[in-house]
Amino acid sequence: MIDLFKAKIQDSKSKWMRDAKWGFFNHFLPHMASRPTPIMTRDQWNKKVNSFQVKQFADQLSSLKVPYFFITVGQAGNYFCSPNKAFDRLFGEDNGARTERDLIADIAAELLPRGIRMCVYSPSYGAKRTPEEQEMWLEVITEWSERWGESISAWWIDGGAKVSYAVYQAYINAFKAGNKDALVCTKLWSTLSDEQVLEDYMSG
């Protein structure tokens, strides 16, 4: 078993997270986390996303002196709080309920000037599926990552899957497409040596 913390302890990229010691994590979904996903129309989902009061929320985080903040881009049912043209093209515009508002970009724009790092939770979309579906999801992930760029400091990838090293590497690269220095933690397992570990931090 690899001691991932030991393997990365000297990595200066992750020093900010280690020094921060804590951060704030928020599920923003149409349902309770890890519960059955309800059916929600696109209009209903857009209304929910549009109701998020970014400045007021940022004021609360600032008052608590939160060093970094994670929010879900989605979890189940394809209810994303950010639009994605690649998803619409590859999976169909009627598959789920993407929002017209890019909530993640809006929050990042408010937090970064306050010195609060913006981070994103994402499932390991498509990792358990066919190679064709993996390629489709990698395109979706890359679009988000490249759009948000250096405004995203870290990704936490949920959903375990035993994948090949090539697939593991492709997912890491997709999440880092917009910011090579973004920290990434996944649950994508492969047979790795210490030199092959690509995660920058560990999940609990």
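Our structure's up above, just so we're on the same page.
Values in this document were obtained by computation on a predicted structure and should not be read as measured data.

Student: Whenever I open this one, unusual backbone geometry confuses me. Can you help?
Tutor: Leaving glycine aside, a negative phi is the common case for residues, and trans is the common case for peptide bonds. The backbone of Lys21 sits at a positive phi, close to 75°, despite the residue not being glycine. Among the secondary structure elements, Lys21 is positioned in the loop between α2 (15–20) and β1 (24–26). A positive phi angle is found at Lys65, which is not glycine, with a value near 55°. Within the secondary structure layout, Lys65 lies in the loop between α4 (54–63) and β2 (68–72). Taking relative accessible area as the criterion, Lys65 reaches 67% and is therefore assigned exposed.

Student: Mind showing me how you'd approach the sheet that holds strand β6 (residues 183–185) here?
Tutor: In sheet architecture, strand pairing relies on hydrogen bonds along the backbone and comes in two forms, parallel and antiparallel. Strand order in the open sheet formed by 5 strands is β1-β2-β3-β4-β6, with parallel pairing between adjacent strands. What marks the edges here is a single partner per strand, and that holds for β1 and β6. Averaged over all adjacent pairs, the angle separating strand axes in this sheet is 20°, with direction ignored. Sheet analysis places β1 next to β2, joined by 3 bridges and oriented parallel. Each residue of the ladder has a partner; that of Phe24, found in β2, is Phe69.

Conventions used here
- Residues numbered from 1 in each chain as written.
- Predicted model: local features only at pLDDT ≥ 70, side-chain atom pairs only at ≥ 80, totals over all residues.
- Heavy atoms only, no water.
- Helix = DSSP H or I, 4+ residues; strand = E, 2+ residues; numbered from the N terminus.
- Buried < 20%, exposed > 50% of the residue type's maximum accessible area, 1.4 Å probe, protein only.
- Pairing = 2+ DSSP bridges.
- Axes fitted to C-alpha atoms, helices over the stretch in contact; angles between N-to-C directions.

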